[in-house]
Amino acid sequence: LERVRAVEAATGNQQGFNDAVLDRIRAVESASGNQDSFNETVLERIRTVERSLGDLGDTRRIADVVAGNTFHNARRLITPVEVTEIIQIGNDVLGFIISESQIRYVERVTLGLELLGTGRLAAHSVDAVIRLVASLSRGDRILHAEIGVLSGLYAALLGRIAADAGVDLHQVLIDPFEGYYGESEYDALTLSTISADTVERNLRLAGCDEEEYTILEGLSGSPRIVREAGGRRYDTILVDGDHSYEGVTSDIDAYGPLLRPEGLLLLDDYGNPAWPDVTRAVDDAAAIGKIEILATLSKTAFARFLREIP
């Protein structure tokens, strides 16, 4: 059973694998009804698929990568149910049409950028894709801000896919670059240095030019950073910085007014039990009429800022 699960996860095609086994089961049952023969036939089918991917050890390693069982728990495989949810939210909430094949393309690019880049993308692929869909839904010219950049791999992904789609994108990337929550200059889970240089290296890997992004080094709550980020109106703002109640509330208050009327707040780790203050801060902002939550998926909430810009 574990071998079946590993193969299914590695191929990313559980239904196709199940259909192949089911067809073989029916053939065996029709021929003899012999249980021993049936078991051996199914086992041989598993061996055949494993051989097509490599040895069992490699199969399990591939399965671990896509399932998020490696150095961090971010899943790189988007389930069929999640694909359906992305398509539905894109169509019904964001007014953006995306197909399963396009989602699978972004899924592949996400994995490739993380494998070739420096550091990690600290989100499931499903979160990366639905956030990307939210930004692309805003039009052919997009101004996007990201609060909490880490290695810059999400910014690299957004830049790469926007270029593929012919979208004129500029990103404002805000981070103090003090390591993971200021613990050290290094990421908590990798050997990579948290720095603007790391971010720029990953952006170059994705083919992003210097004029396509602006890096603001400092805390999002700093008056200097708020001032430097201001003076423009954003289509989407990803809030993924300080995960305390006060930090999330401060980012919503400071950056929400910078959105265009149809702009969107993308709120990371909403509904994640590991970060209850994020959910509480977002829910409280919605309860007092500061924001309107439009949809949620995985660890992402999408909201419209309701307070009028002074």
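As a starting point, this report considers the structure included with it. Only a predicted model underlies this, so the values are computations on that prediction, with no experimental measurement involved.

1. Description of the sheet that holds strand E5 (residues 259–268)
One open sheet accounts for seven strands, arranged E3-E2-E1-E4-E5-E7-E6; its pairing is mixed. The open sheet has two edge strands, strand E3 (213–217) and strand E6 (291–297), and neither has a second partner. Shown here is a sheet whose adjacent strand axes are inclined to one another by a mean of 20°, direction ignored. Relative to E5, strand E4 (residues 234–239) is paired through five bridges, and the arrangement is parallel. Looking at E5, one finds that Tyr234 is bridged to Leu259. Along the sheet face, helix H9 (residues 196–205) touches strand E2 (168–175) and E3 and points at about 165° away from the line of E3.

2. Some details on the pattern of salt bridges
Here the idea is simple: oppositely charged side chains can pair when their charged atoms come close. A complete count under the given rule lists 13 salt bridges for this structure. The salt bridge involving Arg104 is made with Glu100; its shortest N-O contact spans 3.9 Å. Placement of the pair is Arg104 and Glu100 together in helix H6 (residues 100–116), with a separation of four residues, close to one helical turn. Its salt-bridge partner being Arg260, residue Asp235 comes within 3.2 Å of it at the nearest N-O pair. Of the two residues, Asp235 sits in strand E4 while Arg260 sits in strand E5, which places them 25 residues apart along the sequence. For Arg260, a relative accessible area of 39% corresponds to the partly exposed category. Through salt bridges with shared partners, a single ionic network connects Glu100, Arg104 and Glu107.

3. Some points on the environment of Leu121
Among the structural elements, Leu121 can be located in the loop between H6 and helix H7 (125–136). A sequence separation of 33 residues divides Leu121 from Tyr154, and the C-alpha atoms of the two residues are 6.2 Å apart. Residues contacting Leu121, with those up to four places away along its chain left out, are His72, Ala74, Arg76, Thr110, Glu114, Ala128, Leu153 and Tyr154.

4. Topic: the packing of helix H11 (residues 245–255) against helix H12 (residues 276–287)
The geometry of a pair of packed helices is captured by two quantities: the angle between their axes and the separation between those axes. Closest axis-to-axis distance for the H11/H12 pair is 8 Å, and the angle between their directions is 40°. In terms of axis orientation, H11 runs oblique to H12. Judged by the sense of rotation from one axis to the other, the crossing of H11 with H12 is right-handed. Counted together, Tyr245, Val248, Thr249 and Ile252 of H11 and Asp277, Val278, Arg280, Ala281, Val282, Asp284 and Ala285 of H12 form the full contact between these two elements.

5. Observations concerning the pairing of E2
When you tally the buried positions in E2, you get six out of eight residues, the bulk of the element. Both strand E1 (residues 141–147) and E2 contribute to a ladder of seven bridges, which runs parallel. Note that in E2 the partner of Ile147 across the bridge is Ile174. A crossover connection joins E1 to the parallel E2 through helix H8 (residues 153–164); in handedness this β-α-β unit is right-handed. By the bridge criterion, five bridges tie E2 to E3 in an arrangement that is parallel. Note on E3: the bridge partner recorded for Val172 is Thr214.

6. A short note on the pairing of E5
Within E5, seven of the 10 residues are buried, leaving the element largely enclosed by the surrounding structure. Each parallel crossover has a hand, and for E4 linked through H11 to E5 it is right-handed. Direction of pairing for E5 relative to strand E7 (residues 300–305): antiparallel, over a ladder of four bridges. From the neighbouring strand, Leu267 faces E7, where its bridge partner is Ala301.

7. Comments concerning unusual backbone geometry
A positive phi angle, close to 55°, is found at Leu150, a residue other than glycine. The topology assignment puts Leu150 in the loop between E1 and H8. The class of Leu150 is buried, set by a relative accessible area of 15%. Unusually for a residue other than glycine, Asp269 sits at a positive phi of about 65°. Mapped onto the elements of the fold, Asp269 is located in the loop between E5 and H12. Asp269 sits in the buried class, given a relative accessible area of 7%.

8. What about the environment of Ile215?
The topology assignment puts Ile215 in strand E3. Among the residues examined, Ile215 registers a relative accessible area of 23% and is labelled partly exposed. Aside from chain neighbours lying at most four places away, what touches Ile215 is Leu173, Phe177, Ala196, Val199 and Glu200.

Rules behind the numbers
- Residues numbered from 1 in each chain as written.
- Predicted model: local features only at pLDDT ≥ 70, side-chain atom pairs only at ≥ 80, totals over all residues.
- Heavy atoms only, no water.
- Pairing = 2+ DSSP bridges.
- Helix = DSSP H or I, 4+ residues; strand = E, 2+ residues; numbered from the N terminus.
- Axes fitted to C-alpha atoms, helices over the stretch in contact; angles between N-to-C directions.
- Contact = heavy atoms within 4.5 Å.
- Salt bridge = Lys/Arg side-chain N within 4 Å of Asp/Glu carboxyl O.
- Buried < 20%, exposed > 50% of the residue type's maximum accessible area, 1.4 Å probe, protein only.
- Parallel < 35°, antiparallel > 145°, perpendicular 65-115°, else oblique.
- Left-handed = near helix turned anticlockwise from the far one by under 90°.
- Right-handed = clockwise from strand over helix to strand, strands pointing away.

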